[in-house]
Protein chains: 2
Amino acid sequence: MASVRFCGVSVCFKDRYLITIKAIFKTSLAEPVPEGYEDVADIVPPYSAFSAKGQPEDELVYVNYGRTEDFFKLERELGINCTGKILIARYGKIFRGNKVKNAVLAGAKGIILFSDPADYWAEDVEPYPKGWNLPGGGAQRGNVLNLNGAGDPLTPGYPAKEYTYRSSLEDAVGLPKIPVHPIGFHDAVHLLQNMGGPAPPDSWKGALNVSYRIGPGFTDGFRQKKVRMNIHTNNQVTRIYNVIGWIRGAVEPDRYIILGGHRDAWVFGGIDPVSGAAVVHENVRAAGKLMKKGWRPRRTLIFASWDAEEFGLQGSTEWAEDNARVLQERAVAYINADSAIEGMYTLRVDCTPSLHTLVYDITKKVSSPEEGEEGMSLYESWHKRDNWPEKDKPWISKLGSGSDFEAYFIRLGIMSGRARYTKNRKTERYSSYPVYHSVYETYEIVERFYDPRFRRLEAVARVRGGLIFSLADSAVLPLDCVEYATSLSTYANSIHQLAKKHPEAMQQYAVSFDSLFSAAENFTVAARDFHQRLDQLDSSNALAVRMVNDQLMYLERAFIDPLGLPGRPFYRHIIFAPSSHNKYAGESFPGIYDALFDIENAAEPENAWNEVKRQISIAAFTVNAAAETLKPVVSETKTSIHN
Amino acid sequence: MASVRFCGVSVCFKDRYLITIKAIFKTSLAEPVPEGYEDVADIVPPYSAFSAKGQPEDELVYVNYGRTEDFFKLERELGINCTGKILIARYGKIFRGNKVKNAVLAGAKGIILFSDPADYWAEDVEPYPKGWNLPGGGAQRGNVLNLNGAGDPLTPGYPAKEYTYRSSLEDAVGLPKIPVHPIGFHDAVHLLQNMGGPAPPDSWKGALNVSYRIGPGFTDGFRQKKVRMNIHTNNQVTRIYNVIGWIRGAVEPDRYIILGGHRDAWVFGGIDPVSGAAVVHENVRAAGKLMKKGWRPRRTLIFASWDAEEFGLQGSTEWAEDNARVLQERAVAYINADSAIEGMYTLRVDCTPSLHTLVYDITKKVSSPEEGEEGMSLYESWHKRDNWPEKDKPWISKLGSGSDFEAYFIRLGIMSGRARYTKNRKTERYSSYPVYHSVYETYEIVERFYDPRFRRLEAVARVRGGLIFSLADSAVLPLDCVEYATSLSTYANSIHQLAKKHPEAMQQYAVSFDSLFSAAENFTVAARDFHQRLDQLDSSNALAVRMVNDQLMYLERAFIDPLGLPGRPFYRHIIFAPSSHNKYAGESFPGIYDALFDIENAAEPENAWNEVKRQISIAAFTVNAAAETLKPVVSETKTSIHN
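Not measured: the values here are computed from a predicted model.

About the thresholds
- Residues numbered from 1 in each chain as written.
- Chains lettered and ligands numbered in written order.
- Predicted model: local features only at pLDDT ≥ 70, side-chain atom pairs only at ≥ 80, totals over all residues.
- Heavy atoms only, no water.
- Helix = DSSP H or I, 4+ residues; strand = E, 2+ residues; numbered from the N terminus.
- Rg over C-alpha atoms; globule rule 2.2 N^0.38 Å.
- Buried < 20%, exposed > 50% of the residue type's maximum accessible area, 1.4 Å probe, protein only.
- Contact = heavy atoms within 4.5 Å.
- Areas by Shrake-Rupley, 256 points an atom, 1.4 Å probe, with all protein chains shown as cover.
- Lys, Arg positive; Asp, Glu negative; His and termini not counted.
- Charge placed at Lys NZ, Arg CZ, Asp CG, Glu CD.
- UniProt positions renumbered as here; feature names shortened; annotations may be inferred.
- Phe/Tyr/Trp six-rings, centres within 6.5 Å; stacked < 30°, edge-to-face > 60°.
- Lys NZ or Arg CZ within 6 Å of the ring centre and 35° of its normal.
- Least-squares fit on C-alpha atoms with pLDDT ≥ 70 in both.
- Buried area = accessible area lost by both parts, 1.4 Å probe.
- Salt bridge = Lys/Arg side-chain N within 4 Å of Asp/Glu carboxyl O.
- Polar contact = N/O pair within 3.5 Å; in protein donor to acceptor, adjacent residues only side chain to side chain.
- Nonpolar A, V, L, I, M, F, W, Y, C, P; charged D, E, K, R; others polar.
- Axes fitted to C-alpha atoms, helices over the stretch in contact; angles between N-to-C directions.
- Parallel < 35°, antiparallel > 145°, perpendicular 65-115°, else oblique.
- Pairing = 2+ DSSP bridges.
- Core = buried A, V, L, I, M, F, W, Y, C linked by side-chain atoms within 4.5 Å.

**Thoughts on the overall build of chain A**
Counting its secondary structure elements, chain A contains 18 helices and 18 strands. A compact globule built from 643 residues should have a C-alpha radius of gyration of about 26 Å, and chain A, at 25 Å, falls within 12% of that. Seen through its principal axes, chain A has C-alpha atoms that stretch 90 × 65 × 55 Å. Counting over 643 residues, chain A shows a buried share of 65%. Here the analysis covers contacts within chain A between residues at least 6 apart in sequence; of these, 77% occur between residues at least 24 apart. A total accessible area of about 23100 Å² is found for chain A, and carbon and sulfur atoms account for 49% of it. One finds the centroid of the 74 positive side-chain charges in chain A at a distance of 2 Å from the centroid of its 78 negative side-chain charges.

**Remarks on helix α8 (residues 356-365) of chain B**
For α8(B), the full list of buried residues reads H356(B), L358(B), V359(B), Y360(B), I362(B) and T363(B). On its buried face, α8(B) sits against β15 (346-351), α9 (378-385), α12 (455-473) and α13 (481-499) of chain B.

**Section: the UniProt feature "domain: PA" (unreviewed entry) in chain A**
According to UniProt, the feature "domain: PA" (unreviewed entry) maps to residues 59-145 of chain A in the numbering used here. The span residues 59-145 of chain A shows a helical share of 28% and a strand share of 18%, and its end C-alpha atoms are spaced 24 Å apart.

**Let's talk about the packing of aromatic side chains**
Within this structure, the stated rule accounts for 64 aromatic pairs over all chains. Judged by centre distance (6.5 Å) and plane angle (75°), the ring pair of Y91(B) and Y120(B) falls under edge-to-face. Separated by 29 residues along the polypeptide, Y91(B) in the loop between β5 (86-90) and α2 (96-105) and Y120(B) in helix α3 (residues 117-120) bring together distant segments of the chain. One exposure class covers both Y91(B) and Y120(B), and it is buried. Ring pairs connect the aromatic residues F409(A), Y484(A), Y491(A), F523(A), F559(A) and F576(A), which therefore count as one cluster. Its guanidinium or amino end placed over the ring of F72(A), R76(A) lies 3.7 Å from that ring's centre, counting from NZ or CZ. In this structure, K364(B) is placed above the aromatic ring of Y379(B), and the distance from its NZ or CZ to the ring centre is 4.7 Å.

**As for the environment of W121(A)**
Residues and elements named next belong to chain A. Of note, W121 is situated in the loop between α3 (117-120) and β7 (142-143). For W121, a relative accessible area of 32% translates into the label partly exposed. Taking C-alpha positions, W121 is 5.9 Å from P434, a pair spaced 313 residues apart along the chain. Among all residues touching W121, those that are not within four sequence positions of it are P127, N133, L134, F185, Y430 and P434.

**Concerning the side chain of S167(A)**
Along the chain, S167(A) turns up in the loop between β7 and β8 (180-183). S167(A) sits in the buried class, given a relative accessible area of 17%.

**With respect to the relation of the copies chain B and chain A**
With an RMSD of 0.0 Å, the operation that places chain B on chain A is a rotation of 180° combined with a shift of 0.0 Å along the axis. Here the two chains are linked by the operation of a two-fold rotation axis. Residues of chain B ranked by C-alpha distance from the rotation axis are headed by P562(B), positioned 2.9 Å from it. Here 100% of the contact residues of chain B are again contact residues in chain A; the copies associate through an equivalent surface.

**Some words on the interface of chain B and chain A**
How big an interface is tends to be reported as the loss of accessible area on association of its parts. Each partner contributes to the interface: chain B provides 67 residues, whereas chain A provides 68 residues. Between chain B and chain A the total buried area reaches about 5900 Å² when both faces are included, carbon and sulfur atoms providing 64% of it. For the pair chain B and chain A, the interface holds four salt bridges. A salt bridge links R255(B) to D550(A), with the nearest nitrogen and oxygen atoms 3.7 Å apart. Summed over the shared surface of chain B and chain A, the number is 19 residue pairs in polar contact (both at pLDDT 80 or more). Elements with a contribution of two residues or more to the side of chain B that touches chain A: β11 (243-247), β12 (252-262), α5 (274-292), β13 (299-306), α6 (314-322), α7 (324-330), α16 (542-555) and α18 (605-630) of chain B. For the side of chain B that touches chain A, the element with the most residues is α18(B), which contributes twelve residues. For the side of chain B that touches chain A, the residue count by class is 32 nonpolar, 15 polar and 20 charged.

**Structural notes on the packing of helix α13 (residues 481-499) of chain A against helix α15 (residues 514-535) of chain A**
All names here are of chain A. Direction vectors running N to C along α13 and α15 enclose 170°, while the axes themselves pass 8 Å from each other. By the angle between their directions, the pair α13 and α15 is classed as roughly antiparallel. Side by side, α13 and α15 meet where C481, V482, Y484, A485, L488, S489, A492, N493, I495 and H496 of the first sit next to L516, F517, A520, F523, T524, A527, R528, F530 and H531 of the second. Classifying every residue of the contact of α13 with α15 gives 13 nonpolar, five polar and one charged.

**Regarding the sheet that holds strand β14 (residues 331-336) of chain B**
Residue and element names in this part refer to chain B. If you trace the six strands from one edge of the open sheet to the other, you get β11-β13-β12-β14-β16-β15, paired in mixed fashion. Either end of the sheet is taken by a strand with one partner, and the two such strands are β11 and β15. Ignoring which end each strand starts from, the neighbouring axes of this sheet average 20° apart. Of the pairings in the sheet, the one linking β14 to strand β16 (residues 415-422) comprises four bridges and is parallel in character. What sits directly across from A333, in β16, is M415. With respect to the sheet, α9 is in contact with β15 and β16, its orientation differing from that of β15 by roughly 90°.

**Re the sheet that holds strand β14 (residues 331-336) of chain A**
Residue and element names in this part refer to chain A. Read from one edge to the other, the open sheet built from six strands follows the order β11-β13-β12-β14-β16-β15, with strand pairing classed as mixed. Looking along the sheet, the strands with just one partner apiece sit at the ends: β11 (243-247) and β15 (346-351). Pairwise comparison of adjacent strand axes, ignoring direction, gives a mean angle of 20° for this sheet. Pairing of strand β12 (residues 252-262) with β14 involves five bridges; the strand directions are parallel. Each bridged residue has a counterpart across the sheet, and for I257 the counterpart in β14 is A333. Running at roughly 150° to strand β13 (residues 299-306), helix α5 (residues 274-292) makes contact with β11, β12 and β13 of the sheet. In the packing of helix α16 (residues 542-557) onto the sheet, the strands contacted are β12, β13, β14 and β16 (415-422), and the crossing angle to β12 comes to about 35°.

**Some words on the side chain of N549(A)**
All names here are of chain A. Here N549 is to be found in helix α16. At 2.9 Å, the side chain of N549 forms a polar contact with the backbone nitrogen of L477. For N549, the residues in contact, after removing those within four places along its chain, are E252, R299, A475, V476 and L477.

**Details of the nonpolar core**
In this structure, L516(A), F523(A), I575(A), F589(A), F523(B), I575(B) and F589(B) are the most contacted members of the largest nonpolar core, which totals 374 residues. With near-sequence residues (within four places) excluded, F589(B) lies in contact with L488(B), Y491(B), A492(B), I495(B), L516(B), I574(B), I575(B), A619(B) and V623(B).

**Here's the deal with the pattern of salt bridges**
A complete count under the given rule lists 70 salt bridges over all chains for this structure. A salt bridge links E342(A) to R348(A), with the nearest nitrogen and oxygen atoms 2.7 Å apart. In this structure, E342(A) and R348(A) share a single accessibility class: buried. Ionic pairing is found between K85(B) and E59(B), a salt bridge with its closest N-O pair at 3.9 Å. Of this pair, K85(B) sits in the loop between α1 (68-77) and β5 while E59(B) sits in strand β4 (residues 57-62), and the two are 26 residues apart along the sequence. Judged by relative accessible area, K85(B) falls into the buried class, the value being 13%. Classification of E59(B) as buried rests on a relative accessible area of 18%.

Set out below in structure tokens:
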């Protein structure tokens, strides 16, 4: 019988808000500390923050990445029942909290997460410190919550102030009900090599596939005979601190541009978050230098250093909850400043469509940080290295979640964006970056491997800074509603394609996407007309400028549905939400997507298709309503009273 | 066996929105048509709109006004079980929909509503047409929904467009599950005179009390042996029409002042709504005259004529849903224009606290419409006639619901107000006005009795018009945040007093109102400071004026909680909501109030008191958050970056 045991370490966060964090656990599986850091005390060993406590003991079932489709395969194709079992899943592909949620839904008693070299090991790279791969003793920390944007699990919807009412732990949002623990692959191999049962499907075999061969004792799946988890945890309400700096806008102090990133790190945080926090500091320093020369931004700039991001985006979410009223009236944009680097290849941008054009414009003014690309712009380098260089512009992704923009974008509808340096996603198949959330995320790993000249970080700083300074200073906000229109049409087509996989059901239940296409067309016309009027704007008329800026600023807000998405009251953006199956990924028209998900297996098809129709209706209304906000503020089509 | 039978009439409304209305029913109880109207076809006889269909037959139980406290008394003191019975309740005191809700909660199979002279009969007044009292054959129409602000029962949260998804009738919001029907007191006396059982409590005896004497056949309550209701109804989705007129603001077209009132009437609508609709027309005419002289309002004026108010505030709510995005960004105020007159005595105003001062200022400029008060202002007349003339200002009430401001104020947080002429509420004890919602609401009843010189209607028109023209034209919005502060403190004290009726429980469960008092104090300081800064405002700085106006406009929005009140997602105002026990009445701090309601009988006292604490916490946070919106837009207390 293999055993996974944990020894206690106490983790304590100081908070401005009183949030709930997982605080005490026990493990024997500390990571070997890298050279030069041997004297550092209180290194938090790998653990799954907010894991339940418990000592479950049972057969071990391997569930691949623990994705929804993996569980479907287990249950439906392989006939393996996870109820009452302990699961082992490899990290990667999806947010770890979703793996845990799936394990709970499958009835598991516990889940072990491990880093498989197939997912955390780049080819021809040495483990740290010789290279930047994850050593076999390294493991990925991280929270395993399913908050869906709630912030503090005990105070959903409200900031966790001293006086705030806190729910009981039983009523808390998103806490897993089972023990969870992360291990490295040196440990994982011991568990996996004795696995009984048949070999898993070929598609499930990672680098450790040697270990899950058919062995003795197999009954009805690829299982270890028995393991015991021994997880000691303790929840504690504690204090966190956000640090917020303001530069008052000279002309429109009541319009806010926010650059925010987190400051808390699992261990040394060399990449996550310090590569990002350093960028915030550089931008603050740039602003300070400009101010010494007499510059003042037209609008207010806010620099935010968030706490407790690693515990579920706590600092940023609590601040958003605390300031929701002023932010919903005044916030123009939120630019995120988490890790500035996760690879050594090119730029990666995720943002709201109305920021696309500004991102392209800024990257054309920034130099490529790559050796051998002197004189080339970042835009050109990015385009050249992009997966689809044949397209006329480099790819920009949808925002998902997993970082501090979430509450601003998906709950409050403040246009948001993020930029970082990334790997070559075509050739480098590992998840995230190998040492992610391990003790090996040091300053040195950045200095030696990721960005020896610090030119990549500088380029990212210029993109993030370019965004906030442009947004803060341009008389007319540099936003492109036509890009939003284009994206909406793309998303409408894409979700329609998904539905069309069920042509008979669509006919039987009279499911039509006409209203959504019509809404996207309305939006397209409204956006085009808006920008045509903008070209004729009298920019000397301060109120006229303010009015169009308000329309631009509030466009993103128009996509917010106060009722939220089904079962996710804090995910309120009708166009974008984190995938219900992977918090990291962005889903477009998430309400429709979720209604369609696995609909072929719906217990009550008519109800399921009615929900699809309801979601199409909500999406169509929302897009139409957003289009209305772009029309002249007193529509010409309305009846006017003439004298 | 008495029998109540109904004969069919078809009611059809044409809608801009496709809403669901109760459309077909049968009754034999048409009202005697008043003189001069004998030839009018298609008079809709008295019925309860949205009643369920059915033919329940059982013993009749008299439940007084059908209020929550009446049912408590029945069940707890008198030991009478209403399950499976048919109830008879007198109209008055509370919204009829709440009576029906209570009947359903009590397990009744049907409910008959009657107009008792004790509630619909003024002393020394003849019935119409000789006077303005309700004839014995008259009965009160009206919807019996419990929508809680949802608008169309089939499309809660979204406008009922052609393409909108409609829920099934089973999932519809607020439809009563039992048959309901209204009768006049000539019919009621036949039912009541044969009532068995003991006399009801003295406090329950209306003018018809002769009829519920102890009679034969009594078993365990004051019951009629048997009645049968025979209700045929048919629900139908149909079209309604709102008529909206706009005058584009010359300076700030993107700031909206709305004057809205409904146009639909149960029969002739002489009072409800035409006395109000006429006021809208007069104000439109006044605006037209001003425009001929070259005037243009600074802000946009919107005149709205709503449809289907009587079917659950449908026109106004659907328009609010349709335009929520632009309204939440741009609407400054909504002034309601339902019935302008319900009595002949003095002014009655219900409005948000920040409008108090403007209401007083305007009424000081309007003349008293009363004979013998020449040279006296409306303000003086109103103050003199007020219930509390010893106070330094006439009384202004909280907004409840039951008219079209609901979606604007309680869902969207747009400051709202209403004004009308009313009875002497100290001496005239009848509910509403006697002929309310009957066939006797004619033009003549206004001309002969309520306002023969039409001076009272004119005074109301000047108050409503004064509000919208002041709000549209003043450079700085004429709103008083200090009045809001005063009201908040009053409400905090009042809800605290209510809680203090349970001193032991408050101690046992550590219930404190400190956070709420502290928040009210924060708000008071912020409001005072705001107005001090306002006194020093450079009014030549267009952007500076816009910024303070935005703070004033959005103040009401700050009280909106996107999560809504418990179980009432469309009632989102934390300071004001319609009472859960009477839609007509406004409740302050409704979340706390509802949590405290009947708490001494809570099944789980600890949970119940935890909910009180949670609601206090939400209220305190909301008041604090609103206070933040009044502070300088970049707070001086924040850390600034200095050069």
